[in-house]
Amino acid sequence: MDTLVSVRNLSLTYPNGYRALKDVSFDVQAGEFLVVIGLSGSGKSTLMRTINRLLEPTDGQVMVGGQDVTHVAGEALRHHRRSIGMIFQQFNLIKRHSVLHNVLYGALGEMPAWQSMAGRFSKEQVDEAMRCLEVVGIADRCHHRADALSGGQQQRVAIARALMQRPKILLADEPVASLDPATSHSVMRYLEVLNKEYGTTVICNLHFLSLVRQYASRVVALKGGAKVFEGMPEEITEEWFRAIYGDEAVEVEIR
Amino acid sequence: MSTPRQRLFSAIGGVAIDALAGAYAGLILVRVVVPSVLYGAEGTGPLSVEECIAMALGTAGCVLLGLFGAGIGRSLLERPQRSGWQAVVTANIGWFVFALTVVAGWVYARIDPSALFSAQGLQGAGRIFSALLSPEFDIIGEALRAMVETIYLAFMATFIAVPFSFAISFFCARNLMNDAPHRRAIYVFLRFLTNFSRSIEPLIWAIVFSVWVGIGPFAGMLALVVHTIASLTKQYAEQIEDVDHGPMEAIAATGARRSQVIWFSVVPQCVIPFLSFTIYRWDINVRMATIIGLVGGGGIGNMLIQYQGLARWNEVGMIVIIIAIVVWIMDVVSARVREALK
Ligand SMILES: Nc1ncnc2c1ncn2[C@@H]1O[C@H](COP(=O)(O)OP(=O)(O)OP(=O)(O)O)[C@@H](O)[C@H]1O
Ligand SMILES: [Mg+2]
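Residues numbered from 1 in each chain as written. Chains lettered and ligands numbered in written order. Predicted model: local features only at pLDDT ≥ 70, side-chain atom pairs only at ≥ 80, totals over all residues. Heavy atoms only, no water.

I'm lost on the sheet that holds strand 6 (residues 84-88) of chain A in this one. Help?
As a general point, the strands of a sheet are linked pairwise by backbone hydrogen bonds and lie either parallel or antiparallel. Residue and element names in this part refer to chain A. What the six strands build is an open sheet, ordered 6-7-8-3-9-10; its pairing is mixed. Of all strands in the sheet, those bounded by a partner on one side alone are strand 6 and strand 10 (226-231). On average, each strand axis in the sheet is tilted by 15° relative to the strand beside it, whichever way the strands run. Two strands pair when backbone bridges link them, and strand 3 (residues 33-38) and strand 9 (residues 218-223) are joined in this way by five bridges, in the parallel orientation. Paired with G38 across the bridge in strand 9 is L222. Taken strand by strand, helix 6 (residues 151-164) contacts strand 6 and strand 7 (169-173), and its axis lies near 165° from that of strand 6. Set on the sheet, helix 7 (residues 181-197) makes contact with strand 3, strand 6, strand 7 and strand 8 (201-205); between it and strand 8 the angle comes to about 155°. (Pairing = 2+ DSSP bridges. Helix = DSSP H or I, 4+ residues; strand = E, 2+ residues; numbered from the N terminus. Axes fitted to C-alpha atoms, helices over the stretch in contact; angles between N-to-C directions. Contact = heavy atoms within 4.5 Å.)

Quick look at the structure:
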C-alpha cells in the first residue's frame, strides 16, 4: 500500500507557549481508517488541524501524497486544504443558510471569489451537491435551513460538504461526540461508506473505545501531546487502556 | 504572585498617584474652597505663589505618608490589607479629596437653590409652563414639515453611513485582524480613528460642517454621517468579534479564500444584529438631528431655536410636543422591530 500521509517528528507550540504536540510520528496508508484516541487536551484536534494546515507546526514535517506541506502558504496552502475534507464535533454549518448551499460551500476553493460571493454556483455544482446529499441520505431536505435539522442530520450535511471537495482524505474531529449512541452509529456508518466504497482515507478522533474497535483499521493514541500507542484496535488491552487514559479510567460501552 | 517588573511599576504608579492627589488637594483647597468660603469667589488667572506652595506641600505630604504605607496610590493599585493608623489615614485622605471635589463642583456649577425657589423665579416658571401647555396650533403645519425634514435627514445620514461602517468594521474586528503584523497595524490605526471621531460630539461636527458647506440640513446630515460611521463601526466590529469561530474554521478548511471565509461564515452570523443596530442608530439619529438643528443643522431643532430667540413660548410649546411625540413613537417602533428581529 502507498503511504498517503506521513507525520514526522511533529511538534506544535501555541503562541502562549503551550506545547500541544511533542515529536509525533506516524504514517497513514491510502484507504486506512485511522482513529486517534487520547484524553481531552491530549492534542487530538491540534494534530488534525496541522494535517490540513489550519495550524502551522513549529517543528517536524507533514507529507501528504509525497509532498511536503509543512509550511506551504497562499495558493498552495488553499490547494492543500481543498484536497482534505474536514468535519467537526459542532458540525459548523452555516446555520441560516440552506442545506444545499452548505454543501455547495464545499466547492468554494475551486471558484473565483466574486462568482461565489454573487451566489453563482453552476448547474454542475448544484447537481454534484445533490449527489453528495444523496450519498448521506438527506437530499429531500436540501431546501431546509441547516439549523432546522437534527444533530445527526447536520453532521451528515457536513459530511456531504466535505464530499463536495472530492477529498483524498477526510479528517473527522470527534464527529459523534455530541450525538446519541444510535445517531452516532448512523454517522459512523456514513464515514465507513466513504472509506470502503469511495476509498477515502479517514483520520478520525474518537472518545469511545467500543466505536474504535468497530470502525478503526488502526489506532494512534496521544497522551500529553506525545504518541504513546500505535497498533491495531484489538491490541488495546487493559494495560494500554490504563497507560492512555490513566489509572482512574473505566471503560464505557456505546452500542 | 507578581513579577519584580510589575512590583516596580505599581510602586512608581503608587507614588505618582500620591503626588497627584496631594497636588490636586492643595490646589483645590487654596484656589477654590478657601477663597469661595471667605470672599465668595474662587481664584482666577494664572497660578499664584500661594497656590504653588499649597500644591508642593500637598504633594510632599502625600508622598511622605505613602512612604510610611499610608498613601492612597498603593492601596488603589495593590489593595493590600492594612490596619492601624495607616488604614485610617489612607481612608481619610481619600474622603478628604472626594469632599474637596464636591465643594469645588458646587462652587463651579454656581449652585444656588434660592434662585430655584425665589418669588421671581417661581413666577417665571409659571409663565413658561403655562405657555408650553397652551401650544400655538397655527404653526403645526410648519412644525410637522420641519419634523419630517429632521426624520429624513436622520434616515439619510444612517443610510449613507451604513456601507462605510459595514466595510470598515471587518478591519476593526480583532479576531479577523490579528494573524499578521500589517493587519494588526491597520486594526490599531482604524480603531484609533473611529474611537477618536466618536469622542467628538456630533454637535461639534455640525459646527465644523456648517462652516464648510454652510448652515442648513446638509451640514447637520454630514455631522450625523461622521458620528454614525464611527458608532456603527464599533458596534458592528464588536458583533464580528463575537461570532462563532467554528463555521469560519469549516469554510477555511474547504480551501476557501479569506474573502470567502468572511462572506460565507462571518456575514451570515452578523446580518440580523447589524440590522438591529442600524435601526436603533436611525432612532438615535432622529434625536441627535433635533439637537443639531439647534446649532444650524436644519429641521425642527432650527425652528425651535428661532422661536426660543423670539421668546414665543406658545410656539416653542407646540414644537416641543411634536418632538416628544415623534421621539416616543420612534422609540416604541424601533424597539418592537428589533425585538421581532431577534
Ligand atoms: N489556540 C490555543 N492556544 C493555546 N493553547 C491551546 C489552543 N488550542 C488548544 N490549546 C491547548 O492545547 C492542548 C491540546 O488541545 P486539543 O484541542 O488539541 O486537545 P484535544 O485532544 O482535541 O482535546 P478534546 O478532547 O477536549 O477536544 C490543550 O491543553 C489546550 O488547552
Ligand atoms: Mg478536540
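Having seen the structure, we can now continue with the description.
Quick question: what am I supposed to make of the packing of helix 7 (residues 140-169) of chain B against helix 14 (residues 299-309) of chain B here?
A pair of packed helices can be characterised by two numbers: the angle between their axes and the separation between those axes. All names here are of chain B. Between helix 7 and helix 14, whose axes approach to 6 Å, the crossing angle comes to 135°. When the interaxial angle is binned, helix 7 and helix 14 end up oblique. Of the residues in helix 14, those touching helix 7 at E142, A143, A146, M147, E149 and T150 are G299, I300, M303 and Y307. Of the residues assigned to the contact of helix 7 with helix 14, the class counts are six nonpolar, two polar and two charged. (Parallel < 35°, antiparallel > 145°, perpendicular 65-115°, else oblique. Nonpolar A, V, L, I, M, F, W, Y, C, P; charged D, E, K, R; others polar.)

Mind showing me how you'd approach the packing of aromatic side chains here?
Each aromatic ring pair is specified by the distance between its two centres and by the angle formed by the two planes. Residues and elements named next belong to chain B. Counted under the stated rule, the structure contains twelve aromatic pairs over all chains. Seen from their ring centres, F155 and F159 are 5.9 Å apart, and the 15° between their planes marks the pair as stacked. Residue F155 and its partner F159 are located together in helix 7, separated by four residues, close to a single helical turn. Among the residues examined, F155 registers a relative accessible area of 36% and is labelled partly exposed. (Phe/Tyr/Trp six-rings, centres within 6.5 Å; stacked < 30°, edge-to-face > 60°. Buried < 20%, exposed > 50% of the residue type's maximum accessible area, 1.4 Å probe, protein only.)

Looking at this model, I keep getting lost on the pairing of strand 7 of chain A. Mind explaining?
In the case of a regular strand, side chains alternate between the two sheet surfaces. Residue and element names in this part refer to chain A. Along strand 7, five of the five residues are buried, which leaves the element largely enclosed by surrounding structure. In strand 7, alternate side chains face the same way, and those of I169, L171 and D173 on one face and L170 and A172 on the other are all buried. In terms of strand pairing, strand 6 meets strand 7 through five bridges, oriented parallel. Its bridge partner being in strand 7, F88 is matched across the sheet by D173. Judged from the five bridges that link them, strand 7 and strand 8 form a sheet pairing that is parallel. Bridge pairing in strand 8 links A172 to C204.

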